[in-house]
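Tertiary structure, described
Chain by chain, the residues:
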Amino acid sequence: MLIVLLTAGALLALLAACSNSTQATTSSDAMNFSYASSSVAVSGFSGPPDSGSLSIVSCSGNECSVTLGGTGSTVGIFGTTISFLGIQDTRATIRVGEQDVSCTEGQVVAAGPLTLRCTGVGDETVEFTASPR
């Protein structure tokens, strides 16, 4: 597992770059992605990784790559809300709409109107791709 630590300045530069790329999304990609909700403390960060939350989404065509971690991370894609619930052992639990599902790395699960492929399960984050069923 690769862990990357960023200084506050590097994180702000990364967020600015992401902000610029979001403005360049095509109209079809914009229809796939609704929102991401997270809170991350940058200055004076000394707490554990779950003291904030992380929501990263990248959509192309009929598939979105998502990374969620920490309490309160939520995204809206393909008209569906997806929320991070937690990690236990090597199994991630997320809520898709009103349904709770869990997966391990490499597993494919159907949840509500979506198919999810878990591509990574870390100590505090889950990475997956989502596409409509």
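Let us look at the structure shown here. What you are looking at is a predicted structure, and each value in this text was computed from that prediction instead of being measured. Per chain, residues are indexed from 1 in the order of the written sequence. The predicted nature of this model means local features are confined to residues of pLDDT at least 70 and side-chain atom pairs, given and counted, to a pLDDT of 80 or more, with totals for whole chains, interfaces and linings taken over all residues. No hydrogens and no water enter the side-chain calculation; it runs on all heavy atoms of the structure.

**Comments concerning the sheet that holds strand 2 (residues 54-60)**
Across the sheet, which stays open at both edges, the five strands sit in the order 2-3-10-9-8 with antiparallel pairing between neighbours. Only two strands of the sheet have a single neighbouring strand rather than two, namely strand 2 and strand 8 (108-111). The average angle at which neighbouring strand axes cross in this sheet is 25°, direction not considered. Here, a strand pair is defined by DSSP locating no fewer than two bridges between the strands. The secondary structure listing takes helices from DSSP runs of H or I that are at least 4 residues long and strands from runs of E that are at least 2 residues long, numbered from the N terminus. Axes here refer to lines fitted to C-alpha atoms; in helices the fit is confined to the stretch in contact. Angles between the N-to-C directions go from 0 to 180 degrees.

**Notes on the nonpolar core**
Judged by nonpolar contacts, the single largest core of 22 residues is most densely connected at Leu68, Ile77, Ile82, Ile94, Val96, Leu116 and Phe128. Mapped by element, the contributors of at least two residues to this core are strand 3 (63-69), strand 4 (74-77), strand 5 (80-88), strand 6 (91-96), strand 7 (99-103), strand 8, strand 9 (114-121) and strand 10 (125-132). What we call a nonpolar core is a set of buried Ala, Val, Leu, Ile, Met, Phe, Trp, Tyr and Cys residues that are connected through their side-chain atoms within 4.5 Å. Between buried and exposed lies partly exposed: a residue is buried under 20% and exposed over 50% of the maximum accessible area for its type, with that area taken using a 1.4 Å probe on protein chains only.

**Things to note about the state of the cysteines**
What makes a disulfide is a covalent bond joining the sulfur atoms belonging to two cysteines. A pair of cysteine sulfur atoms is labelled a disulfide when the two atoms are within 2.5 Å. Within the structure shown, the criterion is met by two disulfides. Through a disulfide, Cys59 is tied to Cys64; the S-S separation comes to 2.0 Å. Measuring handedness by torsion sign, the sulfur bridge of Cys59 and Cys64 sits at about 105° and is right-handed. Take Cys64: its relative accessible area is 0%, and that puts it in the buried class. Paired through a disulfide, Cys103 and Cys118 show a sulfur-sulfur distance of 1.5 Å. Residues Cys103 and Cys118 are joined by a disulfide whose S-S torsion is about -65°; by sign, that bridge is left-handed. Of this pair, Cys103 sits in strand 7 while Cys118 sits in strand 9, and the two are 15 residues apart along the sequence. Each of the two residues, Cys103 as well as Cys118, counts as buried. Assigning the bonded cysteines of the protein chain consecutive numbers by sequence position, one obtains the connectivity 1-2, 3-4.

That is the geometry; function is a separate question.
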